[in-house]
Amino acid sequence: MTSLFDPALILHITCGLAACVVGLAPIFTRKGSRLHRLWGKLFVGLMAVLLACAWLMTVLQFSPYFLALSATATMTLFSGVRVLGRKRPDLRRADRAKALDWIVTLGVVGVGAWVLVLVVTGQTGDLAAVSSALAYGALVYGVWDLWRFARPTDWPFSPNLWNYEHLTKMLGAYGAVLSAFSGNFLTFLPAPWSQLWPTFLFQTVTLIWIAVLIVRRRRSPAFG
């Protein structure tokens with residue numbers, strides 16, 4: 001099995017570098033357009049292969065940091081795509097969470113909790129800060145989704161909530177792959193900021209973007 005590690009690493013790095021470039025296209029193309037969907041599908045495909053390799057490498061050569069990063073990226077990508085099929089749970093029962101959603105989300109929450117235990121018990125070394133941040137991210141996304149699954153039409157549901165969730169989670173997935181790239185290649189930046197700056201950047205961008213969308217929709221109900 002260990003002979004699989006190097007090929008998985010090469011494929012992981014290749015897809016990661018490609019995802020860093022391709023992931024920009026859905027951000028800057030018109031939302032809902034054919035190009036946006038096309039580039040979005042390509043990004044999701046690259047991320048899916050990248051994450052499959054990441055999980056395999058984590059099994060072959062365990063690292064709490066890599067486990068936390070894989071869990072957070074998996075949560076954001078998986079949920080960011082799946083929420084497109086859960087747009088109107090108030091109108092269609094088919095738009096509510098399926099067994100797969102529950103299984104993946106509960107699994108990620110479990111991984112996030114496990115990583116925090118590893119951090120507290122001193123098993124993450126000098127990567128404790130970034131491992132903690134990633135674990136908290138996995139838990140926040142996971143707990144949010146569990147609430148949405150259990151109470152799909154309760155607060156803070158709105159007809160546009162899926163749009164904000166999709167935006168938040170896909171930017172989170174892009175931020176995760178950019179964090180890995182920065183941590184490995186932008187070594188002139190001090191740790192742990194070399195790995196954390198994409199998270200702070202895209203969280204800020206997400207908040208501003210959603211605020212702009214909300215303001216526009218309130219001014220023009222026909223918008224979006």
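Quick caveat, the model's predicted, so the values are computed rather than measured.

A look at the overall build of the chain
Step number 1: The helix and strand tally for the chain stands at eight helices and zero strands.
Step number 2: Across the chain, helices and strands are ordered from the amino to the carboxyl terminus as α-α-α-α-α-α-α-α.
Step number 3: The C-alpha atoms of the chain give a radius of gyration of 18 Å, which matches the 17 Å a tight globule of 224 residues would have.
Step number 4: Taking the principal axes of its C-alpha atoms as reference, the chain extends roughly 55 × 35 × 30 Å.
Step number 5: Looking at the chain as a whole, 45% of its 224 residues qualify as buried.
Step number 6: For the chain, the proportion of contacts with a sequence separation of at least 24, taken over those separated by at least 6, is 67%.
Step number 7: Per element, the accessible surface of the chain, about 12,000 Å² overall, is 70% carbon and sulfur.

Regarding the packing of helix α4 (residues 64-82) against helix α5 (residues 99-120)
Step number 1: Across the interface, α4 lies against α5 with an axial gap of 10 Å and an inter-helix angle of 155°. With respect to their mutual orientation, α4 and α5 come out roughly antiparallel. The handedness of the crossing between α4 and α5 comes out as left-handed. Contact residues: Pro64, Leu67, Ala68, Ala71, Met75, Phe78 and Arg82 in α4; Leu100, Asp101, Val104, Thr105, Val108, Val111, Trp114, Val115 and Leu118 in α5.

Here we look at the side chain of Thr29
Step number 1: Along the polypeptide, Thr29 turns up in the loop between α2 (24-28) and α3 (34-60).
Step number 2: For Thr29, a relative accessible area of 17% gives the class buried.
Step number 3: One polar contact links Thr29 to His36, side chain to side chain, over a distance of 3.5 Å.

Some details on empty space enclosed by the protein
Step number 1: On inspection of all chains with the given rule, the structure shows one cavity of 30 Å³ or more.
Step number 2: Of the pockets and cavities examined, the largest cavity occupies roughly 110 Å³.
Step number 3: In terms of lining residues, the largest cavity is bounded by 14 residues, among which Arg86, Pro89, Asp95, Arg148 and Glu165 are the most central.
Step number 4: Listed by contribution, the elements that provide at least two residues to the lining of the largest cavity are α6 (128-150) and α7 (161-185).
Step number 5: Examining the composition of the lining of the largest cavity, we find that three residues originate from one element, α7, more than from any other.
Step number 6: Residue composition of the lining of the largest cavity, grouped by class: eight nonpolar, no polar and six charged.

Details of the packing of aromatic side chains
Step number 1: Taken as a whole and assessed by the stated rule, the structure comprises five aromatic pairs.
Step number 2: Residues Phe43 and Tyr174 carry aromatic rings whose centres are separated by 6.1 Å and whose planes lie at 55° to one another, so their mutual orientation is tilted. With Phe43 in helix α3 and Tyr174 in helix α7, this residue pair connects regions lying 131 residues apart in the sequence. Of the two residues, Phe43 and Tyr174, both sit in the buried class.
Step number 3: The structure contains a cluster of three or more aromatic residues connected by ring pairs, namely Phe43, Tyr174 and Phe202.
Step number 4: Sitting above the plane of the Trp162 ring, Lys87 keeps its charged end 4.3 Å from the centroid.

Here we look at the confidence of the model for the chain
Step number 1: For the chain, the average pLDDT comes to 92, and 97% of its residues sit at 70 or higher.
Step number 2: Mean pLDDT across the secondary structure elements of the chain bottoms out at helix α8 (residues 193-219), with 87, and peaks at α5, with 97.

A word on the nonpolar core
Step number 1: Within the largest apolar cluster, 46 residues are counted, with the highest numbers of intra-cluster contacts made by Phe43, Met47, Leu77, Val115, Tyr174 and Val177.
Step number 2: Listed by contribution, the elements that provide at least two residues to this core are α1 (5-22), α3, α4, α5, α6, α7 and α8.
Step number 3: A total of 11 residues in this core trace back to one element, the largest contributor, which is α7.
Step number 4: In contact with Val115, not counting residues within four places along its chain, are Pro64, Leu67, Ala68, Ser131 and Ala135.
Step number 5: Ranked by size, the runner-up nonpolar core spans six residues in total, among them Phe5, Ala54, Met57 and Phe66.

Conventions we followed
- Residues numbered from 1 in each chain as written.
- Predicted model: local features only at pLDDT ≥ 70, side-chain atom pairs only at ≥ 80, totals over all residues.
- Heavy atoms only, no water.
- Helix = DSSP H or I, 4+ residues; strand = E, 2+ residues; numbered from the N terminus.
- Rg over C-alpha atoms; globule rule 2.2 N^0.38 Å.
- Buried < 20%, exposed > 50% of the residue type's maximum accessible area, 1.4 Å probe, protein only.
- Contact = heavy atoms within 4.5 Å.
- Areas by Shrake-Rupley, 256 points an atom, 1.4 Å probe, with all protein chains shown as cover.
- Axes fitted to C-alpha atoms, helices over the stretch in contact; angles between N-to-C directions.
- Parallel < 35°, antiparallel > 145°, perpendicular 65-115°, else oblique.
- Left-handed = near helix turned anticlockwise from the far one by under 90°.
- Polar contact = N/O pair within 3.5 Å; in protein donor to acceptor, adjacent residues only side chain to side chain.
- 1 Å grid on protein atoms, 1.4 Å probe; cavity = no way out; pocket = protein on both sides within 12 Å on 5 of 7 lines; lining within 4 Å.
- Points joined across faces, edges and corners; volume = space filled by probe spheres on them.
- Nonpolar A, V, L, I, M, F, W, Y, C, P; charged D, E, K, R; others polar.
- Phe/Tyr/Trp six-rings, centres within 6.5 Å; stacked < 30°, edge-to-face > 60°.
- Lys NZ or Arg CZ within 6 Å of the ring centre and 35° of its normal.
- pLDDT = per-residue confidence, 0-100.
- Core = buried A, V, L, I, M, F, W, Y, C linked by side-chain atoms within 4.5 Å.

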